[in-house]
Amino acid sequence: MATEGQTLEQQLEELLDDEKFSPSEDFVEQAVITDPKIYEQGEDYEAFWAERAEALHWDTKWEQVLDWSNPPFAKWFVGGKLNVSYNCLDRHVEAGNGGRVAYHWRGEEGEELDVTYADLHSDVQKFANALKSLGVRKGDVVAVYLPMIPEVAVAMLACARIGAIHNVVFGGFSAESVRERIEFSEAKILITVDGARRKGKTAPIKENVDEVIGDLVDTIVVVKRSDNDAPMKAGRDHWYGELLEAADADCPPEPMDAEDPLYILYTSGSTAKPKGILHTTGGYLTGVAYTHAAVFDLKPEEDIYWCAADVGWVTGHSYIIYGPLANGTTSVMYEGAPDYPGKDIWWEIVERYKVTIMYCAPTAIRACMKWGVEHPASHDLSSLRLLGTVGEPINPKAWLWYWKVVGGGRCPIVDTWWQTETGGVMITTLPALLDAKPGSAGKPLPGIEAAVVDEEGNDAGTEQGYLVLKRPWPSMLRTLYKEDDRFVETYWNKFGKDTYLVGDAARRDEDGYFWIIGRIDDVVNVSGHRLSTAEVESAIVSHGKVAEAAVIGQADEDTGQAITAFVTLEGDLDGTDELIAEIREKVADRIGKFARPKRIIWADDLPKTRSGKIMRRLLRDIAEGRELGDVTTLRDPSVMAQLEGKIKERD
Ligand code: WTA
């Protein structure tokens, strides 16, 4: 046990020896799910999920729980009808909870706004009518490019209300990425903002969009968030506020088929073209509502829940919008960065709103560790009772810091493993039932079957192998938008049509706990943000002076992985600092600032096999300073020695 006089560093060092952390008796006593039988119940997974689906409001009940007659194309709750916005709003208002706060919104400059369920219900109906009046119909795709403001929830729910399919693009993506995602999804309307606040500055979002959008969309709705004079094109562009004012107040929810699409969310895959993950209505809502309540031990009347992700990623879709609202939760929604106006802003927010459940990414925790314990220590964090992480493996040291400094040693931590594709959490520790092991996500949730298999698909025992999911689950992606073949090929070809290939390497220990190691494909995880190496490479070679580029994810203390780019220049050009800046800018323009390479290494040539394939594995070895393995399969083995020289020169 920690003794007085020890530094925090010493205390954490000592805790590193503890392999397991059990929830306290106090926590278990008050918890919602305390019967371990739930794991057994999950074995009969169709019955299990049907029971969870009962918690929603259905206009028409389903006839069949699961249709898996044409794998891997699953249909859940066949014949059932429901509306997601009804389940997230009307249901609570009708139950007399309209006055409950849905979001304590906090703006970057300290502005505060409490948005109640009744407020959302009213705005969503009006905006749904406005969308209709702009010609949006059931099945149309609506692109959304908004910062963390309440209007983003209104926009998403208004789409759900009328059966339009939203395609939200993370606000950190560049306008060019938005254009591309609009093109792929064939959206005819875009909802965006005049300017987005970031660390005291305003990014001219509408102007940036105008530069690239051409006549790709017929309509742009603009939310007013800043004082800049956004250019508005007559006939095409409309102010959100004016539309809302003019709109009819009543918009009955459209009864949707359980399998009607709810949204598309583009995410990075192995190639430069992002994948349009398609989620549908009944199964998705069942999955996120259940996992949100179970994993976070939610008590909607008491808890103040804060997921510090961005709505533009799947974590925001499932655990800022749909899960929490379906459960009638009071959440915090925060617009800004974790270090503006000060490095204690997160902890100020926890204290201010008496947050009880906090959910964030390991990268953010590592940043807070670096900024120093004085920031959390200067605020009262005693309201917290449960902590969560998502997006990347958490190193035990960051886990322990979170547990001790933020959670005061009283709050269980749930490390939640899942993906855009899975829709909701798949592997974690139900907090009152399982001990946590720092660095391991835990076990598959009830109803979910995961395994680690070898190259042939056999159980890998406790060896490292491919992480797979063995049964269909309600919130699974249904396909890649308009790319059924790519869907089958990416996820269901390696081990057969009933085994979902996750794309992560993992290990399962003797206790059945899963340890996620990282991606097996060319996807990089920077600060919990998914990026494809091919996407970044294609942005880099779009610079006129670049002949070729190879991008790898290099292990990084702060961001988990960081992007390192090996770049070959045209002709005999010399690499300069100026060129490095230009290349980084190019990536910011094409993808977004968060994708800029941390390190650029000039290469006269890249290591390639005789068939011309770049061997990224060798580049990773060299960047991370490992002994090089076999280089004899290279067309020109001397390339590696040259590169080694370059790296030494730079470091
Ligand atoms: C990684 C984010 C370890 C993993 C919800 C996965 C994790 C990818 C964890 C999905 C975790 C996510 N521990 N790794 N708890 N959570 N990952 O689609 O590699 O943005 O495949 O979904 O992030 O990223 P995505």
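Whatever comes next refers back to the structure up there.
Going along each chain's sequence as written, the residues are numbered from 1 onward. Where totals are concerned, whole chains, interfaces and linings use all residues; where local detail is concerned, this predicted model gives features only for residues with pLDDT of at least 70, and gives and counts side-chain atom pairs only at 80 or more. Side-chain metrics in this entry use all non-hydrogen atoms of the structure; hydrogen atoms and water are not considered.

Draft legend 1. Up close: the sheet that holds strand β24 (residues 465-469). Read across the open sheet, the 4 strands follow the order β23-β24-β26-β27; overall the sheet is antiparallel. Because the sheet does not close on itself, it has two edges, and the strands there are β23 (450-453) and β27 (514-519). Here the average twist between neighbouring strands, direction ignored, is 45°. In this sheet, β24 lies alongside β23 in antiparallel orientation, the contact comprising 4 bridges. By the bridge assignment for β24, Ala450 is matched with Leu469. For two strands to pair, DSSP has to find at least two bridges joining them. Secondary structure elements are defined from DSSP: runs of H or I of at least 4 residues count as helices, runs of E of at least 2 residues count as strands, and each element is numbered from the N terminus. A fitted line through C-alpha atoms represents every axis, and for helices the fit uses only the stretch in contact; the resulting angles, taken between N-to-C directions, go from 0 to 180 degrees.

Draft legend 2. Local environment of the pattern of salt bridges. Put simply, a salt bridge is a Lys or Arg side-chain nitrogen that is within 4 Å of an Asp or Glu carboxyl oxygen. Under the criterion given, the structure shown has 47 salt bridges. Across the pair Asp237 and Arg236 runs a salt bridge whose closest N-O atoms are separated by 2.6 Å. Like Arg236, Asp237 is buried. In this structure, a network of salt bridges that share partners links the residues Lys20, Lys437, Asp509 and Asp511. Each residue gets one of three labels from its accessible area relative to the maximum for its type: buried under 20%, exposed over 50%, partly exposed in between, using a 1.4 Å probe on protein chains only.

Draft legend 3. Summary view of the sheet that holds strand β8 (residues 189-193). Ordered by their spatial adjacency, 8 strands build an open sheet running β12-β11-β8-β6-β7-β14-β15-β25, and the pairing between neighbours is mixed. The open sheet has two free edges, formed respectively by β12 (237-239) and β25 (479-480), since each of these has just one partner strand. Where strand β7 (residues 165-168) and strand β14 (residues 261-267) come together, 2 bridges link them in parallel fashion. Within the sheet, the bridge partner assigned to Asn167 lies in β14 and is Ile264. Where helix α8 (residues 175-185) meets the sheet, it contacts β6 (141-144), β7, β8 and β14, and its direction lies at approximately 135° from that of β14. Contact criterion: two residues are considered in contact whenever any of their non-hydrogen atoms come within 4.5 Å of each other.

Draft legend 4. Seen up close, a negative patch on the surface. Residues qualify for a patch when their relative accessible area is over 30% and they have no salt bridge, like charges being joined within 9 Å and the nonpolar side chains of Val, Leu, Ile, Met, Phe, Trp and Tyr within 5 Å. Per-residue accessibility takes into account occlusion by the displayed protein chains alone, with areas from the Shrake-Rupley method and a 1.4 Å probe. Asp and Glu count as negative and Lys and Arg as positive, but His and the ends of the chain are not part of the count. For this purpose, a charge sits on NZ of Lys, CZ of Arg, CG of Asp or CD of Glu. Residues Glu13, Glu14, Asp17, Asp18 and Glu19 make up a contiguous surface patch of negative charge. One can find Glu14 in helix α1 (residues 8-15). Exposure remark for Glu14: the relative accessible area of 35% places this residue in the partly exposed category.

Draft legend 5. Structural detail: the site of the ligand. Looking at the ligand, there are 17 residues lining it, with Asp415, Thr416, Thr420, Arg519 and Arg530 nearest. Under the rule applied, a polar contact is a pair of N or O atoms within 3.5 Å (in protein, one hydrogen donor and one hydrogen acceptor; residues adjacent in sequence only if both atoms are side-chain atoms). With respect to the ligand, the backbone of Pro393 contributes an N or O atom lying 3.5 Å from a nitrogen atom. Contact distances for the ligand include 2.7 Å between a nitrogen atom and a side-chain N or O atom of Asp415. In isolation the ligand exposes 530 Å². Once the protein is present, 97% of that is buried. Broken down by secondary-structure element, the contributors of at least two residues to the shell around the ligand are α12 (314-326), β20 (413-416) and β27. Throughout, the ten residues Ala, Val, Leu, Ile, Met, Phe, Trp, Tyr, Cys and Pro are labelled nonpolar, Asp, Glu, Lys and Arg are labelled charged, and all others, Gly among them, are labelled polar. When its residues are assigned to classes, the shell around the ligand shows 6 nonpolar, 6 polar and 5 charged. Working definition: residue near molecule or strand if any one of its non-hydrogen atoms lies within 4 Å of it.

Draft legend 6. The arrangement of the side chain of Gln11 in detail. Of note, Gln11 is situated in helix α1. A polar atom in the side chain of Gln11 sits 3.3 Å from the backbone oxygen of Gln6.

Draft legend 7. Region of interest: the packing of aromatic side chains. For Phe, Tyr and Trp, rings pair up if their centres lie within 6.5 Å, where Trp contributes its six-membered ring, and each pair is then called stacked (planes under 30 degrees apart), edge-to-face (over 60) or tilted (otherwise). The tally for this structure, following the rule as stated, stands at 37 aromatic pairs. For the ring pair Trp49 and Tyr290, a centre distance of 5.8 Å and an interplane angle of 85° mean the geometry is edge-to-face. Here Tyr290 lies in helix α11 (residues 282-295) and Trp49 lies in helix α4 (residues 45-53), a separation of 241 residues in the sequence. Comparing Trp49 with Tyr290, the two get one shared label, buried. Ring centres of Phe487 and Tyr491 lie 6.0 Å apart, and the angle between their planes is 55°; on these two criteria the pair is classed as tilted. You can see Phe487 and its partner Tyr491 sitting in helix α17 (residues 484-491), 4 residues apart, about one turn around the helix. On the accessibility criterion, Phe487 (0% relative accessible area) is buried.

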